[in-house]
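# Observations on the model geometry
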Amino acid sequence: MNLHRKGRAALVLALVAVVGMAFRVSWNALRDIAGAVGADGTAAMLYPFVVDGLMALALIATLVLTGHARTFALRVLGAYTLASLVLNYVHGLVPELHGRIVDWGRLADWDPANWALVLLATSLPVGSIYFGSDLVAKVLHHRPSPIPTATTNAEESSGSSRERSTSDLPVSTPATVVLTRLSVPDPAPVDLGKSGVGVKSMPVVVPMVKPVPIAPASARSVPASSAVPRRATGRVPVAAKSTRTRRTPEQLMAEARKATTGLTDAEVTGEGIRRALRTSPAKARMLRDALLAERATGAVTP
């Protein structure tokens, strides 16, 4: 582990040395370019830090940012790298720039090329102010995304399952069967002293109860019905009876088609059908599947 750390430290130091030497070579060319476009001695000396310095800042930002912000930092890095390359190339083509005997504002003999180069050289400092401040703001406001854990994934999955309606479940939820404990009376003791020696005690046979499968904990529990019979309360008054007649499957299907007219397949849900038709979740799911099947085949019966 110690050897690994030493190797990484040596690699970083070597990289810093190479970048420092490359900056010194580029610094000479950019300083002469800045003097040719009208910068004084101090401004020409600071001009390379404006161009190559922003490149280093954009490189650090790409290591910190993510997503669209990282793409923006990569574009800034590529643009200023290309601009520095062009200015170094012009410095190598124009020998007069080395001795600073070139006229101000004259970087090329062809006027359109000269205008473009002067515009490039003079716009880089302004671009460094804008892009540099934007990159610093993005780095300061960046919040790294938390690493997902198994507990977080389990909570998200359980929360999403709780938010789903019972009518939108693909399979009906099985009802939970609650087991009741059967009490078996203890066998009566046999007094052998009074009944005689030849009397044998009869074995007590305990009836076997067939095990009933228990539904999972996520299923809805149904309370067990009371074993005590309820006392008759008489006939239900006519006013208390429901006046709504039972609808046939054909009537429910017709009402479901009417209620989902104009809706897309994604908007046709069991919960929406249940609320519109005031029916049970199981029937709502059946109607939803039938409607989607009709739409898929294109055969809608009247």
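About the cut-offs
- Residues numbered from 1 in each chain as written.
- Predicted model: local features only at pLDDT ≥ 70, side-chain atom pairs only at ≥ 80, totals over all residues.
- Heavy atoms only, no water.
- Helix = DSSP H or I, 4+ residues; strand = E, 2+ residues; numbered from the N terminus.
- Buried < 20%, exposed > 50% of the residue type's maximum accessible area, 1.4 Å probe, protein only.
- Contact = heavy atoms within 4.5 Å.
- Areas by Shrake-Rupley, 256 points an atom, 1.4 Å probe, with all protein chains shown as cover.
- Salt bridge = Lys/Arg side-chain N within 4 Å of Asp/Glu carboxyl O.
- Axes fitted to C-alpha atoms, helices over the stretch in contact; angles between N-to-C directions.
- Parallel < 35°, antiparallel > 145°, perpendicular 65-115°, else oblique.
- Left-handed = near helix turned anticlockwise from the far one by under 90°.
- Nonpolar A, V, L, I, M, F, W, Y, C, P; charged D, E, K, R; others polar.

## A closer look at the overall build of the protein chain
Scanning the protein chain for helices and strands turns up 10 helices and 0 strands. A total of 302 residues make up the protein chain; the buried ones form 22% of that total. In the protein chain, 69% of the contacts between residues at least 6 apart in sequence involve partners at least 24 apart. Total accessible area computed for the protein chain in this model is approximately 22,900 Å², and 65% of it derives from carbon and sulfur atoms.

## A look at unusual backbone geometry
Positioned with a positive phi, arginine 278 is a non-glycine residue whose angle comes to about 55°. Mapping arginine 278 onto the fold places it in the loop between α9 (270–277) and α10 (281–297). Its relative accessible area of 67% is what places arginine 278 among the exposed residues.

## Focus: the pattern of salt bridges
If charged atoms from side chains of opposite charge come close, those side chains can pair. Applying the stated rule across the entire model yields 7 salt bridges. The salt bridge partner of arginine 275 is glutamate 271, with a shortest N-O separation of 2.9 Å. Highlighted residues: arginine 275 and glutamate 271, both in helix α9, separated by 4 residues, approximately one helical turn. By relative accessible area, arginine 275 is classed as exposed at 61%. By relative accessible area, which is 13% here, glutamate 271 ends up buried.

## Notes on the packing of helix α2 (residues 41–64) against helix α3 (residues 68–93)
Direction vectors running N to C along α2 and α3 enclose 150°, while the axes themselves pass 8 Å from each other. Our classification of the angle between α2 and α3 gives roughly antiparallel. As α2 runs across α3, the sense of the crossing is left-handed. Contact residues: Tyr47, Val50, Val51, Asp52, Leu54, Met55, Ala58, Leu59, Ala61 and Thr62 in α2; Arg70, Ala73, Leu74, Val76, Leu77, Tyr80, Thr81, Ser84 and Leu87 in α3. Its residues placed into classes, the contact of α2 with α3 shows 14 nonpolar, 3 polar and 2 charged.

Everything listed here is a matter of geometry and, on its own, says nothing about what the molecule does.
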